[in-house]
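Architecture at a glance
The chain contents come next:
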Amino acid sequence: MKIIVAISGASAASLGLKAYGLIPENHQKYLVVSESAKIVLRQEEGFQNRDISAPIASGSFGAEAMLIAPCSMNTLAKIACGIADNLITRSAAVMIKERRKLAIAPRETPFDPIALENMLKLSRLGANIAPPVLGYYADRRTIDDLERFIIGRWFDLLGIENNLYRRWNGEQKV
Ligand SMILES: Cc1cc2nc3c(=O)[nH]c(=O)nc-3n(C[C@H](O)[C@H](O)[C@H](O)COP(=O)(O)O)c2cc1C
């Protein structure tokens with residue numbers, strides 16, 4: 001599967017990078033990092049966000065899944081309004097128009113009504129709104145455990161096989 005991971009300028013940019021690193025090698029993966037995310041992350045890798053002509057900007061490229069993690073309120077608002085002014089927002093617009101898998105992990109707290117309306121709109125358009133919410137049940141001992149749980153749930157939404165967390169079977173103790 002061709003999978004895009006996009007990191008916008010919200011806290012937890014390192015979580016998006018970790019998710020990218022955990023995608024199994026049998027997939028083709030592509031990373032886009034917004035300029036603001038680089039400030040948060042201080043790293044440079046993958047496609048340039050201003051490179052609107054990169055292959056993933058086109059529906060014909062055939063990306064099957066896209067994860068935006070974390071998704072800033074800025075990028076969320078642009079996608080919800082159909083603005084496609086950089087590679088992340090354009091790729092997200094492509095996923096929506098082609099009706100492909102799109103998981104968005106908005107990162108802000110608290111969410112204001114504008115962000116909530118944008119999430120509702122995108123959810124109704126078929127995107128999965130999956131903020132990085134911690135799950136405290138079942139064997140979560142370390143930060144790494146908690147992060148793997150979140151990333152595993154994102155991968156589930158995108159159809160990426162994984163064993164990143166122990167699945168609930170109704171018998172584990174909290
Ligand atoms: C250290 C730092 C942390 C930030 N955290 C968030 C955040 O958690 N959520 C958010 O929506 N914006 C956050 N911002 C603000 C965004 O980076 C800013 O709105 C930026 O314009 C987003 O651009 P982008 O959507 O192109 O990445 C943060 C900025 C900085 C410098």
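Look up a bit, the structure's there.
Here we summarise the structure given alongside this text. (Residues numbered from 1 in each chain as written. Predicted model: local features only at pLDDT ≥ 70, side-chain atom pairs only at ≥ 80, totals over all residues.)

1. Here's the deal with the overall build of the protein chain
Threshold: Only DSSP runs of H or I reaching four residues or more are called helices, and only runs of E reaching two or more are called strands; each is numbered from the N terminus. Radius of gyration means the value over C-alpha atoms here, while the globule rule gives 2.2 Å times the residue count to the 0.38 power.
If you tally the helices and strands in the protein chain, you get 6 helices and 6 strands. In the protein chain, the order of α-helices and β-strands from amino to carboxyl end is β-α-β-α-β-β-α-α-β-α-β-α. The C-alpha radius of gyration computed for the protein chain amounts to 15 Å, which stays within 12% of the reference 16 Å derived for 174 residues, consistent with globular compactness. The dimensions of the protein chain, computed from C-alpha atoms along their principal axes, are 50 × 40 × 35 Å.

2. Considering the packing of helix α1 (residues 13-22) against helix α6 (residues 143-158)
Note the threshold: All axes here are fitted lines through C-alpha atoms, helices being fitted over the stretch that makes contact, and every angle between N-to-C directions spans 0 to 180 degrees. Crossings are assigned a handedness: left-handed for a near helix turned anticlockwise from the far helix by less than a right angle, right-handed for a clockwise turn. By the convention adopted here, residues make contact when the C-beta atoms placed from their backbones lie within 7 Å. Gly falls in the polar group here, along with every residue not listed as nonpolar (Ala, Val, Leu, Ile, Met, Phe, Trp, Tyr, Cys, Pro) or charged (Asp, Glu, Lys, Arg).
In contact at an axis separation of 10 Å, α1 and α6 are set at 65° when each is read in the N-to-C sense. Here α1 runs over α6; the crossing is right-handed. Together, L15, K18, A19 and L22 of α1 and E147, I150, I151 and W154 of α6 make up the contact between the two elements. Among the residues forming the contact of α1 with α6, the class breakdown is 6 nonpolar, no polar and 2 charged.

3. Comments concerning the site of the ligand
Defined as follows: Whether a residue is near a molecule or strand depends on its C-beta atom, placed from the backbone, lying within 6 Å of it.
S8, G9, A10, S34 and S36 are the nearest of the 15 residues found near the ligand. Contributing elements (two or more residues each) for the shell around the ligand: α2 (35-41) and α3 (73-81). For the shell around the ligand, the leading source of residues is α2, giving 4 residues. Looking at side-chain class alone, the shell around the ligand contains 5 nonpolar, 8 polar and 2 charged residues.

4. Some words on the sheet that holds strand β3 (residues 47-48)
The condition that has to hold: By the convention used here, strands pair only if DSSP detects at least 2 bridges between them.
Read from one edge of the open sheet, 6 strands run β3-β2-β1-β4-β5-β6, paired in parallel fashion. With one partner strand each, in any of the chains shown, β3 and β6 (128-129) form the two edges of the open sheet. Packed on one face of the sheet, α1 meets β1 (2-7), β2 (28-33) and β4 (65-71) and runs near 155° to β4.

5. Points about unusual backbone geometry
For the record, the criterion: Our exposure labels follow a C-beta count within 10 Å of each residue's own C-beta, placed from the backbone: buried means 20 or more other C-beta atoms, exposed means 12 or fewer, and partly exposed covers the counts in between.
Residues A69 and P70 are joined by a peptide bond in cis, for which omega reads -5°. Assignment of secondary structure puts P70 in strand β4. Phi angles above zero are rare outside glycine, and A12 is one such case at about 80°. Of note, A12 is situated in the loop between β1 and α1. Despite not being glycine, R99 has its phi angle at roughly 55°, a positive value. With respect to the helices and strands, R99 occurs in the loop between α4 (87-97) and β5 (101-106). Using a count of 9 C-beta atoms within 10 Å as the deciding quantity, one classes R99 as exposed.

6. Brief notes about the nonpolar core
When a protein is soluble and globular, its nonpolar side chains tend to lie buried together. Spelled out, the test is: Each nonpolar core reported here comprises buried Ala, Val, Leu, Ile, Met, Phe, Trp, Tyr and Cys residues connected via C-beta atoms within 7 Å.
One finds I4, M66, L67, I68, A69, I104 and W154 to be the most contacted residues of the largest nonpolar core, which totals 49 residues. Not counting residues within four places of it along the chain, the set of residues in contact with L67 comprises V5, A19, A103, W154 and L158.

7. A closer look at α6
What counts is decided by this rule: Multiplying 1.5 Å by the helix residue count minus one yields the expected span of that helix.
Taking 1.5 Å of rise per residue, 16 residues should cover 22 Å, and α6 covers 23 Å from first to last C-alpha, within 8% of that figure. Among the residues making up α6, those that are buried are E147, R148, F149, I150, I151, W154, F155 and L158. Where the residues of α6 are buried, they touch β1, α1, β4 and β5. Of the residues one or two after α6, G159 is the one with positive phi, at around 80°.

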